[in-house]
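# Breakdown of the fold
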Amino acid sequence: MTRVQTVETEVAIIGAGPAGLLLSHLLAHDGVESVVVEHRSRSHVESRIRAGILESAVVELLDKAGLGSRLAEEGQPHRGIYLQWPGHRHHVDFVELVGRGVHLYGQSELQLDLGRARDAEGQACYYAVSGTALHDVETDLPSVSFADAEGRPVRLEARAIAGCDGKHGPSRQSIPASVRSTFELGYPFAWLGILAAVPPSTDELIYAWHPEGFALHSMRSAAVSRLYLQVPVGTDVAEWSDEQIWDALATRLGEGQTGWELERGPIFDKAVLPFQSFVMAPMRHGRLFIAGDAAHTVPPTGAKGLNLAFADVALLAPALVSLLRDGDPRLADAYSDSALRRVWRSTYFSWWMTTTLHTTGDPFVSELQRTQLEMTVSSRARATALAESYAGLPIGA
Ligand code: RFL
Ligand code: PHB
């Protein structure tokens, strides 16, 4: 029989996504040791293409944690966004409205920065594990079992577990159904996202309402554009040729409107992203603390998913330090309620952006959406509310 290797640590972190790696970094900063367990390979985790927008409070958090140097050099500060519908394009200037903007910096770049920081701290991370299971989360000595990349059984004994294992991970299921509530909303559409080797045709993001469906023009660098199209739920990327994608983007983003043109280029990645709003409560059970997508998912229209994951971790790290270093449970006891307050605000904002900008085919709804957009750009109070939510609240607010 193969012997189980037992490893002791203070915090067992499940998931090496942005939430798990930032948590491990912040804990190390305060002298709390952790081990990360991830079921994908490191190269897979580092090549996933996901979010792009960081709130200003998240940029400050990363900077304070010593993770801001490449972000400062390569990230792009954006003052605001363009809101558009046929015949109209309006710049909503967040800096002018609420005194702060956002940063454009790809999640894959952040993942690299976090991985390197962790290497420099010399803390353990098991990649490519299988069979991750949580045990005894209601006790002060919980554990995580798994098989390492070579298939050898390992048992990680900890004083707390952080479930940072995303939407499909096992942590959430370790909270008994009798104490767990879930709130879910589906949407009848998805996004077809592309990366193209072409300079962006805009200086800041364009969110475009169009009768044929929503489109978003984002970017990754001076040479790479990131664009999205609203498509029906269940769409297969193979149904769309590159030419059809560019034609639909040009129409929906208003090519020809005030002489604006969409530059086309080679598409090197395309994928369909599902849409869902999901919240689980509470985010803590015994010595198990859940953070990031493991506890909540938002549709990407408000650019909140990654920011929420970091905001959770910014609350969880000091809570675990107080609990494990000083035996003070107050922040740990407050964690779930404090995190959920921000989660619900971002869930509301993401739902609002999504339902305002995506067409449903119902002419009554379309008129209401256009009215909302007109009201948003013509009323300073409404534009300020949008800017406040998009640029983000201070962490802990
Ligand atoms: P992640 O990034 O999903 O990381 C969770 C990690 O846990 C691992 N895991 C396990 N590890 C061990 N054992 C198991 N049994 C495990 N099961 C899972 C996973 O392999 C993974 O490495 O969650 P985290 O850290 O909470 O970070 C959240 C963000 O990644 C997420 O909110 C955003 O990327 C969401 N999102 C977007 N957000 C935006 O704000 N703007 C976007 O444009 C945007 N695009 C996206 C996205 C999410 C996508 N996914 C998940 C489908 C595009 C995509 C394709
Ligand atoms: C992105 O750049 O991938 C992006 C930006 C803003 C969003 C969603 C995705 O709302």
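Residues numbered from 1 in each chain as written. Chains lettered and ligands numbered in written order. Predicted model: local features only at pLDDT ≥ 70, side-chain atom pairs only at ≥ 80, totals over all residues. Heavy atoms only, no water.

## Examining the overall build of the protein chain
Counting its regular elements, the protein chain contains eleven helices and 23 strands. Compactness check: the protein chain gives a C-alpha radius of gyration of 22 Å against a globular reference of 21 Å for 397 residues, within 12% of the reference. The C-alpha extent of the protein chain, read off along each of the three principal axes, is 70 × 40 × 40 Å. Long-range pairs, those at least 24 residues apart, make up 72% of the contacts in the protein chain between residues at least 6 apart in sequence. (Helix = DSSP H or I, 4+ residues; strand = E, 2+ residues; numbered from the N terminus. Rg over C-alpha atoms; globule rule 2.2 N^0.38 Å. Contact = heavy atoms within 4.5 Å.)

## Points about the side chain of T297
Looking at where T297 falls in the secondary structure, it is placed in strand β23 (residues 296–297). Those residues in contact with T297 that sit more than four places away from it in its chain are K167, Q276, S277 and F278.

## Examining the site of ligand 2
Around ligand 2, the structure places 14 residues, and the nearest of them are Y207, S218, R220, Y228 and P300. Between ligand 2 and P300 there is a distance of 2.8 Å, counted from an oxygen atom to a backbone nitrogen or oxygen. Take T301: an N or O atom from its main chain is 3.2 Å from an oxygen atom of ligand 2. Relative to its free-state accessible area of 280 Å², ligand 2 is covered by the protein chains to the extent of 97%. Sorting the residues of the shell around ligand 2 by element identifies β17 (215–219) and β18 (225–232) as the ones contributing at least two each. Here the residues of the shell around ligand 2 are counted per class, giving eight nonpolar, three polar and three charged. Shared between two domains, the shell around ligand 2 holds at least three residues of each, these being domain 1 (5–76 + 103–183 + 276–355) and domain 2 (188–275 + 362–391). (Near = heavy atom within 4 Å. Polar contact = N/O pair within 3.5 Å; in protein donor to acceptor, adjacent residues only side chain to side chain. Areas by Shrake-Rupley, 256 points an atom, 1.4 Å probe, with all protein chains shown as cover. Nonpolar A, V, L, I, M, F, W, Y, C, P; charged D, E, K, R; others polar. Domains from an automatic or database assignment.)

## Observations regarding a nonpolar patch on the surface
Nonpolar side chains collect at one region of the surface, where L185, Y348 and W351 lie side by side and expose about 310 Å² of accessible area between them. Its place among the elements puts L185 in strand β14 (residues 181–186). Owing to a relative accessible area of 39%, L185 belongs among the partly exposed residues under this scheme. (Patch = residues over 30% accessible without salt bridge, like charges linked within 9 Å, V, L, I, M, F, W, Y side chains within 5 Å. Salt bridge = Lys/Arg side-chain N within 4 Å of Asp/Glu carboxyl O. Buried < 20%, exposed > 50% of the residue type's maximum accessible area, 1.4 Å probe, protein only.)

## A look at helix α3 (residues 56–64)
If you check which residues of α3 are buried, you get S56, A57, V58, V59, L61 and L62. Backbone geometry just after α3 places G66 at a positive phi near 80 degrees.

## Let's talk about the site of ligand 1
Inspection of the region around ligand 1 gives 28 residues, with E38, R48, R50, T132 and D293 positioned closest. L306 is positioned with one of its backbone polar atoms (N or O) 3.4 Å from an oxygen atom of ligand 1. The fraction of the free accessible surface of ligand 1 (1000 Å²) that becomes covered by protein chains is 85%. Grouping the amino acids of the shell around ligand 1 by side-chain chemistry returns twelve nonpolar, nine polar and seven charged.

## Focus on the sheet that holds strand β10 (residues 130–135)
If you walk across this open sheet you meet the four strands as β1-β12-β11-β10, and the pairing is mixed. Since the sheet does not close on itself, it has two edges, and those belong to β1 (5–8) and β10, each with one partner. Across the sheet, the mean angle from the axis of one strand to that of its neighbour is 20 degrees, orientation sign disregarded. Where strand β11 (residues 143–147) and strand β12 (residues 153–157) come together, five bridges link them in antiparallel fashion. The partner of V144 across the bridge, within β12, is L156. (Pairing = 2+ DSSP bridges. Axes fitted to C-alpha atoms, helices over the stretch in contact; angles between N-to-C directions.)

## Digging into the nonpolar core
Across soluble globular proteins, nonpolar side chains have a tendency to be buried as a group. Residues L22, L23, L27, L54, L62 and F310 are the most contacted members of the largest nonpolar core, which totals 74 residues. The greatest single-element share of this core, amounting to 13 residues, is contributed by helix α8 (residues 305–326). Non-local contacts of L62, meaning those with residues more than four positions away in its chain, are made with L22, L54, L67, G68, L71, L110 and F310. (Core = buried A, V, L, I, M, F, W, Y, C linked by side-chain atoms within 4.5 Å.)

## Focus: the domain arrangement of the protein chain
Assigned domains within the protein chain: domain 1 (5–76 + 103–183 + 276–355) and domain 2 (188–275 + 362–391). Spacing between the C-alpha centres of domain 1 and domain 2 amounts to 30 Å. Of the roughly 1700 Å² buried between domain 1 and domain 2, counting both surfaces, carbon and sulfur atoms make up 63%. The interface formed by domain 1 and domain 2 includes zero salt bridges. (Buried area = accessible area lost by both parts, 1.4 Å probe.)

## A short note on the packing of α3 against α8
At a minimum axis separation of 10 Å, α3 and α8 run at an interaxial angle of 50 degrees. Overall, the two elements α3 and α8 adopt an arrangement that is oblique. Like other packed secondary-structure pairs, α3 and α8 cross with a definite hand, here left-handed. Residues V58, L61 and L62 of α3 pack against N307, F310 and A314 of α8. (Parallel < 35°, antiparallel > 145°, perpendicular 65-115°, else oblique. Left-handed = near helix turned anticlockwise from the far one by under 90°.)

## Comments concerning the environment of Q369
Within the element layout of this structure, Q369 appears in helix α10 (residues 363–378). Using a relative accessible area of 3% as the deciding quantity, one classes Q369 as buried. As a C-alpha pair, Q369 and T356 span 13 residues in sequence and 5.2 Å in three-dimensional space. Dropping the residues within four chain positions of it, Q369 is found in contact with W209, T355, T356, L357, H358 and T359. A polar side-chain atom of Q369 sits 2.7 Å from a polar atom in the side chain of W209. A polar atom in the side chain of Q369 sits 2.7 Å from the backbone oxygen of T355.

## Details of the pattern of salt bridges
Inspection of every chain in the model, using the stated rule, returns 19 salt bridges. The shortest N-O distance in the salt bridge between D333 and R284 comes to 2.8 Å. Placement of D333 in helix α9 (residues 330–357) and of R284 in strand β21 (residues 284–285) is noted, with a sequence separation of 49 residues between them. Three or more residues are tied together by salt bridges with common partners; here these are R70, E74, E109 and D113.

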